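# Analysis of the macromolecular model
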Amino acid sequence: MRKDTIKSLIALKQHEMPFDVIHRDKELPINRKKIITIPGVRRCGKSTLMMIAINALIESGVPVQNILWIGFDDERLKRMTSDDLDEVIAAYMEMYPDVPIKDVHMFFDEIQIIEGWEYFVLRVYKNYCKNIYICGSNATMLSTELGTALRGYPLEYKTYPLSFNEYCRFKGVDTDSYLEQDKAKVRNAFAEYNHTSAFPEVVLTVSESEKLQLLNGYFDTMLLKDVAEHYGIANLPVLRYFVKRIMANLTKPTSILSIYNDIKSQGLRISKDELYRWADYVCDVFMFIRIPKYERSLAKEQKALKKYYCIDNGLRSAVLLPQSDDNGKLLENAVLLHLNRNLGPADRIFYFQESAECDFVVQRNERVDELIQVTWDMSDDNTREREINGLLEASRATGCDKLTIITIDEESAFEINGKTIHVMPAWKWALGRY
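Just so it is clear, the model here is predicted, and its values are computed rather than measured. (Residues numbered from 1 in each chain as written. Predicted model: local features only at pLDDT ≥ 70, side-chain atom pairs only at ≥ 80, totals over all residues. Heavy atoms only, no water.)

### Some remarks on the nonpolar core
With 79 residues, the main nonpolar core has Phe164, Phe288, Leu315 and Phe360 as its most contacted residues. Ranked by the residues each element gives to this core, the list is headed by helix α9 (residues 208–231), at nine residues. Beyond its immediate sequence surroundings of up to four residues, Phe164 is in contact with Val186, Ala189, Phe190, Tyr193, Trp427, Ala430 and Leu431. Grouped together as the second largest cluster of nonpolar side chains are 33 residues, Ala91, Val124, Met141 and Leu150 included. (Core = buried A, V, L, I, M, F, W, Y, C linked by side-chain atoms within 4.5 Å. Buried < 20%, exposed > 50% of the residue type's maximum accessible area, 1.4 Å probe, protein only. Helix = DSSP H or I, 4+ residues; strand = E, 2+ residues; numbered from the N terminus. Contact = heavy atoms within 4.5 Å.)

### Brief notes about empty space enclosed by the protein
Applying the stated rule across the entire model yields two cavities of 30 Å³ or more. Volume-wise, the largest cavity comes out at about 80 Å³. Lining of the largest cavity is provided by Pro161, Leu162, Tyr193, Thr196, Ser197, Ala198, Ile311, Asp312, Asn313, Ala334, Leu337 and Arg341. The element best represented in the lining of the largest cavity is helix α15 (residues 326–341), accounting for three residues. Taken together, Ser163, Phe164, Phe190, Tyr193, Ala334, Val335, His338, Arg341, Ala426, Trp429 and Ala430 make up the full set of residues lining the second largest cavity. Counting only elements with at least two residues in the lining of the second largest cavity, the list comes to α7 (180–195), α15 and α17 (426–430). With four residues, α15 is the single largest residue contributor to the lining of the second largest cavity. By residue class, the composition of the lining of the second largest cavity is eight nonpolar, two polar and one charged. (1 Å grid on protein atoms, 1.4 Å probe; cavity = no way out; pocket = protein on both sides within 12 Å on 5 of 7 lines; lining within 4 Å. Points joined across faces, edges and corners; volume = space filled by probe spheres on them. Nonpolar A, V, L, I, M, F, W, Y, C, P; charged D, E, K, R; others polar.)

### Topic: the sheet that holds strand β7 (residues 288–291)
The sheet built from three strands is open, its strands ordered β6-β8-β7 with antiparallel pairing. Each end of this open sheet is capped by a strand with a single partner; those strands are β6 (253–254) and β7. Examined bridge by bridge, β6 and strand β8 (residues 306–310) share two bridges and lie antiparallel to one another. If you follow Pro253 over to β8, its bridge partner there is Lys307. Contacting β7 and β8, helix α12 (residues 272–284) crosses the sheet at an angle of about 115° to β7. (Pairing = 2+ DSSP bridges. Axes fitted to C-alpha atoms, helices over the stretch in contact; angles between N-to-C directions.)

### Section: the pairing of strand β14 (residues 419–425)
Buried residues dominate β14, accounting for five of its seven residues. Sheet analysis places strand β12 (residues 403–407) next to β14, joined by five bridges and oriented parallel. Bridging across to β14, Thr404 finds its partner in His422. Note that strand β13 (residues 412–416) and β14 share five bridges and pair antiparallel. Bridge pairing in β14 places Ile416 opposite Lys419.

### Some details on helix α10 (residues 236–248)
An ideal rise of 1.5 Å per residue puts 18 Å on 13 residues; α10 measures up with 18 Å between its terminal C-alpha atoms. Every buried residue of α10 is listed here: Val238, Leu239, Phe242, Val243, Ile246 and Met247. Its buried side turned inward, α10 meets α9, α11 (256–265), α12, β7, β8 and α14 (313–319). (Expected span 1.5 Å × (residues − 1).)

### What to know about the packing of aromatic side chains
Under the criterion given, the structure shown has 18 aromatic pairs. Aromatic pair Tyr92 and Tyr96: ring centres 5.3 Å apart, planes at 50°, arrangement tilted. Look at Tyr92 and you get buried, because its relative accessible area is 0%. Each ring, one from Tyr309 and one from Phe360, has its centre 5.7 Å from the other, and the planes form 50°; the classification is tilted. (Phe/Tyr/Trp six-rings, centres within 6.5 Å; stacked < 30°, edge-to-face > 60°.)

### Focus on the packing of α10 against α12
At a closest axis distance of 11 Å, the pairing of α10 and α12 adopts a crossing angle of 65°. Looking at the two axes, α10 sits roughly perpendicular to α12. The crossing of α10 and α12 is right-handed. Between α10, through Val238, Leu239, Phe242 and Val243, and α12, the contact on the second element is made entirely by Leu275, Trp278, Ala279 and Val282. Among the residues forming the contact of α10 with α12, the class breakdown is eight nonpolar, no polar and no charged. (Parallel < 35°, antiparallel > 145°, perpendicular 65-115°, else oblique. Left-handed = near helix turned anticlockwise from the far one by under 90°.)

### Focus: the pairing of strand β4 (residues 131–135)
Taken across its five residues, β4 has five buried, putting it largely inside the fold. Of the two faces of β4, the one lined by Asn131, Tyr133 and Cys135 and the one lined by Ile132 and Ile134 are each fully buried. Summarising the sheet, strand β3 (residues 105–109) and β4 pair through five bridges and their orientation is parallel. Residue Asp109 lies in a different strand from β4, and its bridge partner there is Cys135. This β-α-β element, β3 to helix α4 (residues 117–127) to β4, shows right-handed connectivity. (Right-handed = clockwise from strand over helix to strand, strands pointing away.)

### Concerning α7
If you check α7, its first and last C-alpha atoms are 23 Å apart, about what 16 residues at 1.5 Å a residue would give, namely 22 Å. For α7, every residue scored as buried is listed here: Asp182, Val186, Ala189, Phe190, Tyr193 and Asn194. Taken down its axis, α7 places every buried residue within 135° of arc, on the same side. Opposite the packed face of α7, turned more than 90 degrees from it, sit the exposed residues Lys185 and Asn188. Buried residues along α7 sit in contact with α6 (164–171), α14, α15 and α17. (Arc of directions from axis to C-beta.)

### Observations regarding the layout of surface pockets
When its volume is computed, the largest pocket comes out at roughly 1,200 Å³. Contributing to the lining of the largest pocket are 39 residues, with Lys158, Tyr160, Asn340, Arg341 and Leu343 lying nearest its centre. Going through the elements one at a time, α5 (143–149), α6, α12, β7, α13 (298–303), α15 and β9 (348–353) are the ones with two or more residues in the lining of the largest pocket. Per-element accounting of the lining of the largest pocket gives the leading share, four residues, to β7. Considering only residue class, the lining of the largest pocket consists of 15 nonpolar, 10 polar and 14 charged.

In structure tokens:
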């Protein structure tokens, strides 16, 4: 009976192909002969990336019957165990006895629901089929655990909420026009993008109250399912407070010890070691991206306070009441997210802090490639001096002469102390127009 259910699920999905989806900037490889994993925060569009890959396969001439997609979150499969997973292959082979299994492209969505799924996937990959795609929303589908589960076999394609370019595509804003009125629309779109959510479902939702409901639901699920349930944390009120404290300290070096002392002063029981572990967990599930301080010494880097950036500006605003000084914080967060999306395997991002500060030190391989300051505007002389001094000091410390200041709308270039500083409007920088 369950085999009939599996056949029905496969056939229903094939009937939907090719899928009606909005393209993303980065796409999954096809015919790579690898296990492709798609880790990322909940609701950021991982399943959609698999749909886009299927559309590309069909466009390249792969018949629909050569594509096997099954979502294991169907309630009719909830009692499946890893021993039952062979029924998926058997059901497919009964449906298409003339299709060699080696020519099939397999897409497994939410397979983490089945305990022991990784052994099934490895066996299928080694013995039958080389094109396998896996994604899911549970913490076990994230980078740190997929590598262990699949023993180094997969190619990983991290996924994030929408970039600004993707946001414009979802909103129908033309980013290629040279007409002044269209440029104004792009500027307005960035101002909106900076303050709202980039989760695809939220972007496509019209009602503001419904957007807020969705975001609070995402936050609760991340907190309860991905963190508390997965890592066995029972102290939910303290966990919620801890995460909100990190959110509130956006763009600033965050002292876990200070948060611990604050919690302790309220008479709540928690250990320092637990909080340090929680800080790792919330980064592992992509709620936050953590960057270290730039130091020549690895030991000093490890000891220095880290900065935490939220995975989505709208998520943070839904959880915390927006404050009057949030414009610059949200802009800096948006810049960090854009930088992080485009990191290579050996690239890293730091912050610089000595007598002056520089928001981002971007290291490509072993070389510091760019120094970036982010500020809402530089019309105030003190702000302008602070941003410039931070770049110049970081330049002296790192030897990097590519200096950029990102603002909401200013564009210029000037030379100081023999170094050229480029000031870029955020919307243009995010679209790569420089």
